[in-house]
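Below are the chains, spelled out letter by letter.
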Amino acid sequence: MKATDSLSSHRDGHDHSHHHHDGGHGHRHVHGHGHHDHDHDLRGASRRSLQTALILIATFMVVEVVGGVISGSLSLLADAGHMLTDAASIVLALVALHFSDLPASWERTYGYRRLEVLAALVNALSLCVIIGGVLWEAYRRLRTVPEVEGGLMLGIGLAGLVVNVLAMLVLRRSAKGNLNVEGALQHIVADLLGSVAVVVSGALVLAFGWTIVDPILSVVISILIGVSTWRLLAKVFNVLLQGVPEHVDLYKLCAALEDLPGVTFVHDAHVWSLAPDYDVLTAHILVEPELQTEDLKLMRGQVQELAKRDYNLRHVTVQLEFTADGCHDEVHHFDHLHRLSRDEVPA
Amino acid sequence: MSDSATQHHHHDHHDHVESRSLFSSHDHDYSGAGRRSLIAALVLLLVHMALDVVGGVLSGSLSLLAHAGHMVTDAGALIVALAALHYGGLPPSTERTFGLRRLEVLAALFNVVLLWTVASSILLQVFEVVGHGHAHSHEHLGIYLLVIGALGLIIHLTSAFILHRSMHHSISVEGAFRHVSVHAVESLAIIVSGILVELFHWDFLDWALSLVLVAVILFSTYRLVIKIIKVLLQAVPDDVDVYRLCSALEDVPGVTLIHDVHVWALVPGYNVLTAHAIVDPDSTAEDLMRIRTEMLKTAREEHGIRHTTFQLEFSAADCHEENHHVDHLMALSREEAGKG
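Residues numbered from 1 in each chain as written. Chains lettered and ligands numbered in written order. Predicted model: local features only at pLDDT ≥ 70, side-chain atom pairs only at ≥ 80, totals over all residues. Heavy atoms only, no water.

Asker: Honestly, the sheet that holds strand E2 (residues 270-279) of chain B in this entry has me stumped. Any pointers?
Answerer: Backbone hydrogen bonds are what pair the strands of a sheet, in a parallel or an antiparallel way. Residues and elements named next belong to chain B. On the basis of which strands lie adjacent, the open sheet formed by three strands has the order E1-E2-E3 and mixed pairing. Both outer strands of the open sheet, strand E1 (255-267) and strand E3 (307-313), are each paired with one neighbouring strand and no more. Shown here is a sheet whose adjacent strand axes are inclined to one another by a mean of 10°, direction ignored. Direction of pairing for E2 relative to E3: parallel, over a ladder of seven bridges. Note on E3: the bridge partner recorded for Thr-274 is Thr-309. Sheet strands in contact with helix H8 (residues 242-250) are E1, E2 and E3, and its direction is about 135° off that of E1. Across the sheet, helix H9 (residues 285-303) touches E1, E2 and E3, and the angle it forms with E3 is around 145°. (Pairing = 2+ DSSP bridges. Helix = DSSP H or I, 4+ residues; strand = E, 2+ residues; numbered from the N terminus. Axes fitted to C-alpha atoms, helices over the stretch in contact; angles between N-to-C directions. Contact = heavy atoms within 4.5 Å.)

This is how it looks when you write it as C-alpha cells:
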C-alpha cells in the first residue's frame, strides 16, 4: 500500500526532501480512493434518502402554509410548524453528513466523522424539547378544552400521516447503523404518531364529541416518543463516552486474540466507535519472547484479520510486547487478566 | 480522594488529579477541594438561587432571575464536579474500556444547554417587558433588588471563604476567587441598580442589567462549548502539536516513519496517542523494546501524552490498515505546498 521509495529515502534525516513530497502525493492519492469505497455507497444512499424525505416534507409544508394563509386556519399553520421541525432535523442530518466527509488533518486526526453522532445528539435533545411542548399543550387542553374543528383536523392529520409514512419508509433502511439518519427518522416518527393522534381524536370528536381524547393521546404519544428518544440517546452516549460498541464482546475478542499462536496475553485493550460504522481497536499484546521478525509480522496480520473479519473493527493498532516490563503505560484500563480474576471471584 | 483510590490498583494516583480539566477554562478547579466543601458551597449557592428566584418572582425583577440563571451554571458545575469525582473513579469494564471518565464532558455539555435555555427564556421575558411596558414590576422593586443583592453578596463571600479554606494549597484558589468575584460584582450591580430604581424609579435598569447578565452567561460558556465539542469530535487537544510529535518520534534511533497517527483527549488533560511506526527491519527484540521505551518517553515527557499504543512495523507492506488517516508524509507535502 505504501510508496516504498519514500520509505527508503526517509531515514536520511528530517530535512523533508523532495522524495517525501512525491511519496506523499502518491500516497494520498492511493488512499483517497481506496478506503472509502464501501463507505461511500452507504453514505451516498443515506444522503439520497435524506434528500428525498426533505423534499417530501418541505413540499407538504409549503402546501400547508399556502393553504393556511388563504383559509386563515391556524391549525394548518401549526401543523406546518411541526413539519418545519422535521425538515430542520433532516437538514441537520444532511449538513452533518456533508461535513463529516472532510479529510483528516493535524488538528483532527479522525476527521469529522463524529459530527454525525453530535447531530444525532442535537436531534435527540430537540425531541426532548418537543416532548416537553406536547405535554405542556396537553396540560393546557385538559384545563381549558379548546374548540376543535374536527373535520379540518381530520383532513390535515390524514395528509400529514401519509407524508410522514412516506418519509419514514424512505429513511428507514438508511437509519440502520447510522445514528445521524436515525435522529432525523425519530423526528419523522414522532410527527407520524402526532398525525395518528390527530386523526383518531378528530374522528372521535366528529363522531361523539369526545374532546378529552386529544390531550390523553398527546400524553400517550409523548411517552412513546420519549422511549425511542431515550434509546437513541443511550446509543449516542455510548459512542460519546468511548464505550465498547454493542456488537463487540470485548471479553471474547481478547480470548480470541489470546488463542492466536505466540500470544501470551492481551492487556490495555480498548474498543470504541468513532461513528457507528467505524470502530477502533487498540491493544497491547504480550507475545512469546523468542518470536522473530517474521513471526511478529505474521501475528500482526492475523490480529488485524481477526478484528476485521469477526468484529468489523475498521482501525487497529496493536502493540506487541516481549515482556510485561516492556509496557510502561501508567494506565491499564481494561486488563484481560483483571477481568478473569474478577470473574473467578464469586459475586 | 483517598477512599476511592484503594478500590482499583491501576487507578490509584492519577484518577482524580485531573478532574479539574474541563472547568479550568471556567476557572473552576475542584480537584483539591474536598467533597464536603464542594457540598457546602453548593448548598449556599442553591439557597442564594432560591432567594433570587423568590425575589424575582415576587418583585417581577428580571435581573434577579438572570442572576439566578447564572448561578445555575455554578450549581451545575459543582454538581458535575461531585458526580465526576464519583463516577469518573469507577473502574473500566468490558462495556466501557475507559470507564466513565467522559461523563464529565457530557455533564458539562448538559450544563451548558441548561444555561442557554435559561438565558433564552430570560431574553424572551425581556422582550415581553420591553414590548408591554413595566406592568409586572413591583412597586418596591428597588427594595427587593437591594435586599437580595446584599444577601447574595454575603453568601458569595461566605462560599469564597469555605472554598478558600479547603483549597489552601491549590492553584485553584486563584480561579475560584476570580469566579466568586464575578458573582460579587454582579451582586454589587444588583444593589446599585436597586438603589437607583428606588431613588429615581429608573425601572429600565432592571431589564438592562438582566441583558448584561445574559451576555455574561453566554460569554462564560462560549469557550467551554468549543472545548467540549473538540473533545467529543476526537480532535487533537490544543496542547499537542502532532506534527512536532511525529518528528520527535521519528528522531528515535531505529524509527523510519510514523504514520496513521491519532491524538485525542478522553477528557481535557488526558491525551491518548496511537501510531504506527515503521522501524528498521533488522531490529532485534531488544531494539524493539528500546525503541518503544524511547517513543513512550518522548510522547509522555515532551508532549503531554498519557496513554500510548505504538504498532511497530518492519515494512510498509506489513501494515494492513485500510485507512491511513493522518500520514506524516502527507502533511509534509502540504506544508511545503503552503510555503511555496
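Next comes the rest of the account.
Asker: Help me out: how do you make sense of the packing of aromatic side chains in this one?
Answerer: Inspection of the entire model under this criterion finds five aromatic pairs over all chains. Relative to Trp272(A), the ring of Tyr110(A) lies with its centre 5.3 Å away and its plane at 80°, an arrangement referred to as edge-to-face. Here the residue Tyr110(A) occupies a position in the loop between helix H4 (74-99) and helix H5 (115-143), and Trp272(A) occupies one in strand E1 (residues 263-275), the gap between them amounting to 162 residues. Accessibility classification places Tyr110(A) together with Trp272(A) in one group, the buried group. Taken together, Tyr110(A), Trp272(A), Phe98(B) and Trp264(B) form an aromatic cluster joined through their ring pairs. (Phe/Tyr/Trp six-rings, centres within 6.5 Å; stacked < 30°, edge-to-face > 60°. Buried < 20%, exposed > 50% of the residue type's maximum accessible area, 1.4 Å probe, protein only.)

Asker: Which parts of the structure should I look at to understand the pattern of salt bridges?
Answerer: A side chain of one charge can pair with a side chain of the opposite charge when the charged atoms of the two come close. Enumeration according to the criterion identifies nine salt bridges over all chains in this entry. Of the charged contacts, one joins Lys235(A) and Glu182(A) as a salt bridge, the two residues approaching to 3.2 Å between their closest N and O atoms. Placement of Lys235(A) in helix H8 (residues 213-240) and of Glu182(A) in helix H7 (residues 179-208) is noted, with a sequence separation of 53 residues between them. Taking the relative accessible area as the measure of exposure, Lys235(A) reaches 36% and is therefore partly exposed. The shortest N-O distance in the salt bridge between Arg290(B) and Glu294(B) comes to 3.2 Å. Here Arg290(B) and its partner Glu294(B) are both found in helix H9, four residues apart, which amounts to about one turn of the helix. Overall, the relative accessible area of 30% leaves Glu294(B) in the partly exposed class. Within the structure, one salt-bridge network assembled from shared partners comprises Arg113(A), Glu116(A) and Asp277(A). (Salt bridge = Lys/Arg side-chain N within 4 Å of Asp/Glu carboxyl O.)

Asker: How should the pairing of E1(B) be read in this particular structure?
Answerer: The side chains of a regular strand alternate, first on one face of the sheet and then on the other. All names here are of chain B. Of all 13 residues that make up E1, 13 are buried, and the element is covered over most of its length. Of the strand pairs in this sheet, E1 and E2 are connected by nine bridges, and their pairing is antiparallel. Paired with Val-267 across the two strands is Tyr-270, which belongs to E2. Where E1 hands over to E2, the hairpin turn is made up of two residues, of which Gly-269 adopts a positive phi near 100°.

Asker: Would you mind going over unusual backbone geometry with me for this structure?
Answerer: Excluding glycine, residues mostly have negative phi values, and the peptide bonds linking residues are mostly trans. Positive phi outside glycine occurs at Asp268(A), with the angle close to 50°. With respect to the helices and strands, the residue Asp268(A) is situated in strand E1. One non-glycine residue, Gln234(B), lies in positive phi territory at about 60°. Locating Gln234(B) in the fold gives a position in the loop between helix H7 (204-232) and H8.

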